[in-house]
Amino acid sequence: MSDDLLALKRETDAALAAATDLRAWDAVRVGVLGKSGRLTALLKELGRASPEERRTRGAALNVLKDALAAAIEARRVELEAAALDSRLAAERLDVTLPPRPFPAGLIHPISRTMEEMAAIFGAMGFEIAEGPDIESDWLNFSALNIPAHHAAREDMDTFYLPAPAPGGRRPVLRTHTSPVQARTMLTRELPFRVIVPGRTYRADHDATHSPMFHQVEGLVLDRDITLGHLKGCLIDFLRAFFGISDLPVRFRASYFPFTEPSMEVDIGWNRKTGELGGGGDWLEILGSGMVHPKVLANCGIDPREWQGFAFGMGIERVTMLKHGIPDLRPFYESDLRWLRHYGFNPLSPALLHEGV
Ligand code: DAH
């Protein structure tokens, strides 16, 4: 092979060795084999050579061309392998490294209590029902056997809204979740078990009262419901909710217009330490009773065929007792320091106590 061809081979080999990435490699390839590459130019010149020279030089050029093509291809394979190796090294992931902590929001204690109640009552076959914050006078009071001028209306410090028509009854901000009892009886097919968590309103504001607060209502209607069902259901709920399997529970005769008989429910605690359990003192925690036949009749249900029990309790109150939260007001202040202290991890399960 003539000197110029040997030189081309040597120079190409050197250029390939110096090309350390695929871009540089491609420049070498184009410079040799491309349209205006050095080998291409030599092949073009061959046309002007004598027939004798064309044969010998042509054969040599063909050998050179194969050698160059092979060297170029071999370098490509090398460079691609090296590129993959360095990518694999750079993109390696240490799966044993702990993840960086990221700031997560916390569940407000009110929401947490509602979730826990939904979990505990849900396990007992209850569904969740809801109603609006603005209620008619009829649903909030009359349907529940609280007629106009009844003392219970005065007790409730009701927020009234303007009457929609002159002389009409003024709508109210619901003073309790009990109107959803009536709504459920009017719309749901019997039998049913529902709980109703939600906001309630009374014109009352001090260290232990907020004008807006939360209640949960319960209503069970079926054909053969007795006081025994009411007691069993509430004892199981209270023990599961407070996480105390032998929590003393007492039923005390009381009065509500919408239940007959009516009972207030007390749980055991220690007045001095504030600890819940068998401390010898009693703490009132909720209202309950067998649904009054008049309430059933008001909602189009035959009280000779259907009966049931109802209950209602304050969500803030049970939340404060369960978690030792001393003051009601910070519940609504969105103070991050309070939320960080009393808030709940959103990933922890709400149903902590088995055996419901
Ligand atoms: N609605 C009552 C209140 O706000 C609580 C209550 C008592 C609800 C007895 C009930 C019940 O369903 O049966 O004080």
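Note that this is a predicted model, so its numbers are computed, not measured.

## A short note on the packing of helix α1 (residues 3-18) against helix α4 (residues 51-90)
Phase 1 of the analysis: Orientation of α1 relative to α4, taken along the N-to-C sense of each, is 5 degrees, at an axis distance of 11 Å. Judged by the angle between their axes, α1 and α4 are roughly parallel. Judged by residue contacts, Asp4, Leu5, Leu8, Lys9, Thr12, Asp13, Leu16 and Ala17 of α1 engage Arg57, Ala60, Leu61, Leu64, Ala67, Leu68, Ala71, Ile72 and Arg75 from α4.
Phase 2 of the analysis: For the contact of α1 with α4, the residue count by class is 11 nonpolar, 1 polar and 5 charged.

## Quick notes on the site of the ligand
Phase 1 of the analysis: Close to the ligand lie 15 residues, the nearest being His176, Ser178, Gln181, Arg202 and Glu217.
Phase 2 of the analysis: The side chain of Arg202 places a nitrogen or oxygen atom 2.8 Å from an oxygen atom of the ligand.
Phase 3 of the analysis: Gln215 places a polar side-chain atom, nitrogen or oxygen, 3.0 Å from an oxygen atom of the ligand.
Phase 4 of the analysis: Only β5 (212-222), β8 (281-291) and β9 (307-314) provide two or more residues apiece to the shell around the ligand.
Phase 5 of the analysis: Tallied by class, the residues present in the shell around the ligand amount to 4 nonpolar, 9 polar and 2 charged.

## Observations concerning the domain arrangement of the chain
Many authors give the size of an interface as the accessible area that is lost as the parts come together.
Phase 1 of the analysis: Here the chain is partitioned into domain 1 (3-90) and domain 2 (109-342).
Phase 2 of the analysis: Inter-centroid distance (C-alpha atoms) of domain 1 to domain 2 is 88 Å.

The rules behind the values
Residues numbered from 1 in each chain as written. Predicted model: local features only at pLDDT ≥ 70, side-chain atom pairs only at ≥ 80, totals over all residues. Heavy atoms only, no water. Axes fitted to C-alpha atoms, helices over the stretch in contact; angles between N-to-C directions. Helix = DSSP H or I, 4+ residues; strand = E, 2+ residues; numbered from the N terminus. Parallel < 35°, antiparallel > 145°, perpendicular 65-115°, else oblique. Contact = heavy atoms within 4.5 Å. Nonpolar A, V, L, I, M, F, W, Y, C, P; charged D, E, K, R; others polar. Near = heavy atom within 4 Å. Polar contact = N/O pair within 3.5 Å; in protein donor to acceptor, adjacent residues only side chain to side chain. Domains from an automatic or database assignment.

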